[in-house]
Amino acid sequence: MLTPAPHPGFKATISTLDNAVGHLPTSEPIVIITASFEGEPADNAGRFVEWIKGMHGSEMQGVAFGLFGCGNTDWVTTYQRIPKLIDRVLVERGAERLVDLGEGNAAGDSFFEAFDSWEARLWETLAEVGLPFAHCPE
Amino acid sequence: MEDPSYTVELKQSLTIKPDGFYFHATPRASAPALVVGTKTAAPASQSQSKSDVHASARDSNKDGVKVPLHVLYGSNTGSSEAFAQRIASAASGKGE
């Protein structure tokens, strides 16, 4: 995918959700990829989920994020439970959604296609909104 | 079928493979990038030639002016982590 103007590109840092507990940055866009395991967060996301569920104000003001949930409809009642919960709570606490919640169903035949199209939307959006986040010398 | 009279017989075999072995593919900075189509200059750089624009874009990358992006994952089985790695790996090449 090409953008019309030269964009400096992104410098990504990657870590687990639990590593972001207490310090979700507001100075840069955030991409979250996660799943439910029988309705529960992944082992490295449980503290993050507890952290945001304990918020009651607009603590996430200034946070801009895009979220893709990996799910499996074989788990009928808990499908996408945690991705949907994180998406909803972040917005309730003042965060801005950069792209609509993405959903992949590992039990279906378009799991990777769902991610591809969500990722394409993500980069399109980031190409537009990414620059205000940059600490450019100009 | 090579032998039309074949009837199905089952056999079982054991395999061994590395457990928990992952690697991250990252683009090499020195390798030529795959470029499709042409790039146009930014409005702010209209007086510059294309090669100047590309050179300055590379320079600014060297200076670390890239837009920071934070990729977070929650993963037990590795799918979410693999997708997160894919985004992180693609990030530096986006918009160049």
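Scroll up for the structure.
Predicted model only: the values in this text are computed from it and were never measured.

J.: Would you explain the overall build of chain A in this entry?
T.: Tallying secondary structure elements over chain A gives three helices and five strands in all. Counting from the amino terminus, helix and strand elements in chain A follow one another as β-β-α-β-α-β-β-α. For chain A, the proportion of its 138 residues judged to be buried stands at 38%. Sequence-distant contacts in chain A: of pairs separated by 6 or more residues, those separated by 24 or more amount to 78%.

J.: Help me understand unusual backbone geometry in this model?
T.: For residues that are not glycine, phi is negative in most cases, and the peptide bond is trans in most cases. All names here are of chain A. Of note, E38 is a non-glycine position whose phi angle comes to about 50 degrees, a positive value. Tracing the backbone shows E38 in the loop between strand 2 (30-35) and helix 1 (46-53). You will see that Q80, though not glycine, has its phi angle at about 60 degrees, which is positive. Residue placement: Q80 occurs in the loop between strand 3 (64-71) and helix 2 (81-92). For Q80, a count of 20 C-beta atoms within 10 Å translates into the label buried.

J.: Sorry, what's going on with the nonpolar core here?
T.: For soluble globular proteins, the rule of thumb is that nonpolar side chains tend to be buried together. The biggest cluster of nonpolar side chains holds 41 residues, and the ones touching the most others in it are I32(A) and V71(B). Secondary structure elements with two or more residues in this core: strand 1 (10-16), strand 2, helix 1, strand 3, helix 2 and helix 3 (111-129) of chain A together with strand 1 (67-74) and helix 2 (79-91) of chain B. Contacts of V71(B), omitting those with residues within four sequence positions, involve A12(A), T13(A), I14(A), V31(A), A84(B), I87(B) and A88(B).

J.: How do you make sense of the environment of H56(A) when you look at a structure like this?
T.: With respect to the element layout, H56(A) can be found in the loop between helix 1 and strand 3. A sequence separation of 37 residues divides H56(A) from R93(A), and the C-alpha atoms of the two residues are 7.2 Å apart.

J.: Help me understand the packing of helix 1 of chain A against helix 2 of chain A, please; the structure alone is not making it clear to me.
T.: Helix-helix packing: each pair is described by the crossing angle between the helix axes and the interaxial distance. Residue and element names in this part refer to chain A. Closest axis-to-axis distance for the helix 1/helix 2 pair is 10 Å, and the angle between their directions is 35 degrees. Crossing of helix 1 over helix 2 shows left-handed handedness. Residue-level inspection shows V49, I52 and K53 of helix 1 in contact with helix 2, the latter providing I82, L85, I86, V89 and L90. Taken together, the residues that form the contact of helix 1 with helix 2 break down as seven nonpolar, no polar and one charged.

J.: Looking at this model, I keep getting lost on the pairing of strand 3 of chain A. Mind explaining?
T.: Along any regular strand the residues' side chains alternate between the sheet's two faces. Residues and elements named next belong to chain A. Counting buried positions along strand 3 gives eight out of eight residues, so the element sits mostly inside the fold. Here strand 2 runs beside strand 3; their pairing, made up of six bridges, is parallel. Looking at strand 3, one finds that I33 is bridged to F68. In this view, the connection linking strand 2 to its parallel neighbour strand 3 by way of helix 1 has right-handed handedness. Of the strand pairs in this sheet, strand 3 and strand 4 (residues 96-97) are connected by two bridges, and their pairing is parallel. Within strand 4, the residue paired with F65 across the bridge is R97. Once you follow strand 3 into helix 2 and on to strand 4, the crossover reads as right-handed. Sheet topology places strand 3 next to strand 5 (residues 102-105); four bridges connect them, and they run parallel. From the neighbouring strand, G71 faces strand 5, where its bridge partner is N105.

J.: Explanation requested: the environment of A35(A) in the structure shown.
T.: Note on placement: A35(A) falls in strand 2. The contacts of A35(A), once residues within four sequence positions are left out, are A42(A), G69(A), C70(A), G71(A), I82(A), P83(A), G74(B), S75(B), S79(B) and S80(B).

Parameters and conventions
Residues numbered from 1 in each chain as written. Chains lettered and ligands numbered in written order. Predicted model: local features only at pLDDT ≥ 70, side-chain atom pairs only at ≥ 80, totals over all residues. Helix = DSSP H or I, 4+ residues; strand = E, 2+ residues; numbered from the N terminus. Buried ≥ 20, exposed ≤ 12 C-beta atoms within 10 Å, placed from the backbone. Contact = placed C-beta atoms within 7 Å. Core = buried A, V, L, I, M, F, W, Y, C linked by C-beta atoms within 7 Å. Axes fitted to C-alpha atoms, helices over the stretch in contact; angles between N-to-C directions. Left-handed = near helix turned anticlockwise from the far one by under 90°. Nonpolar A, V, L, I, M, F, W, Y, C, P; charged D, E, K, R; others polar. Pairing = 2+ DSSP bridges. Right-handed = clockwise from strand over helix to strand, strands pointing away.

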